[in-house]
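Coordinate analysis (summary)
Read off the chains here:
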Amino acid sequence: MDLSNSNTAKNLADAFAGESMANRKYLFFADVARKLGMTDLAKLFRDTANQETEHAFAHFRLLHPELVVEDTATLSDAEKQALAARCLELAIEGETYEYQTMYPTFAEQARTDRDGGALAEFQEQEAESREHAAIFRQAAHRFGLLTQIENHHAQQYTEALHALSGVVPQAKAAGADPATQKWMCLQCAMIYDPVTGDPDSGIAAGTPFEAIPEDWSCPICGATKKSFVPYAEAVAA
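This write-up is about the structure you can find in this document. (Residues numbered from 1 in each chain as written. Predicted model: local features only at pLDDT ≥ 70, side-chain atom pairs only at ≥ 80, totals over all residues. Heavy atoms only, no water.)

1. Regarding the nonpolar core
- Cys185, Met190, Tyr192, Phe209, Trp216, Cys218 and Phe228 are the most contacted members of the largest nonpolar core, which has 21 residues in total.
- When sequence neighbours within four positions are dropped, the list of residues in contact with Met190 reads Leu145, Ile149, Trp183, Met184, Cys185, Cys218, Pro219, Ile220 and Phe228. (Core = buried A, V, L, I, M, F, W, Y, C linked by side-chain atoms within 4.5 Å. Buried < 20%, exposed > 50% of the residue type's maximum accessible area, 1.4 Å probe, protein only. Contact = heavy atoms within 4.5 Å.)

Here's what the structure looks like:
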């Protein structure tokens, strides 16, 4: 059944997005309930999240029937490789959209909101406007950080796709100069670049990772400084 360019295809995509969002949202709620000591409520949220996952998978199978596998034993090695390649292609497509279009657009909009709406409101409600401006500034910063993360994800998927065809990944190494050596969070893949620092957290541009206070935490996920490792980048041939 060809669903391309149909309202049903759009509805399935929207339903997939909705169910996927519900899954992550309920898992977040489950974590809140767990921290509050409400184990039964936490279990309810987790169980519902798992059900939403099944709903999302059902929608995704209709959107991408080429990825539905009934019996892997019947597949040739070439067919298995083609399926894996298709998964990677879709992953690259999504991550590339996020770092090239989505997050840069969101960051620019956050700056516009900060400089426009929030500052205009400042004339009447100074305290509230300051809070809004801070939120928009933080959002712009976070979207910028996420742009780097999604770029990193896209690069990883691209390497995996090339590896399926026997292409040897380009050699990588961590930089030796502390002034430019990047570090990556193992929990969320946020990349700290000393060239830009983390101004919103009080870390000035040009601050090497080793010079960051030990109580600093990842601005995306809150992981401690100890959760970061040197970020290896492709070595120029």
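2. What about the packing of helix α1 (residues 7–35) against helix α2 (residues 39–63)?
- Running from N to C, α1 and α2 point in directions that differ by 160°, and their axes come no closer than 8 Å. Classified by the interaxial angle, the pair formed by α1 and α2 is roughly antiparallel. Classified by chirality, the crossing of α2 by α1 is left-handed. (Axes fitted to C-alpha atoms, helices over the stretch in contact; angles between N-to-C directions. Helix = DSSP H or I, 4+ residues; strand = E, 2+ residues; numbered from the N terminus. Parallel < 35°, antiparallel > 145°, perpendicular 65-115°, else oblique. Left-handed = near helix turned anticlockwise from the far one by under 90°.)

3. Thoughts on the side chain of Asn23
- Looking at the secondary structure, you find Asn23 in helix α1.
- In this structure the side chain of Asn23 is engaged in a polar contact, spanning 2.9 Å, whose partner is the backbone oxygen of Ala49.
- A polar contact is formed between the side chain of Asn23 and the side chain of Thr53, at a distance of 2.6 Å.
- Discounting chain neighbours no more than four positions away, the residues touching Asn23 are Ala49, Asn50, Glu52 and Thr53. (Polar contact = N/O pair within 3.5 Å; in protein donor to acceptor, adjacent residues only side chain to side chain.)

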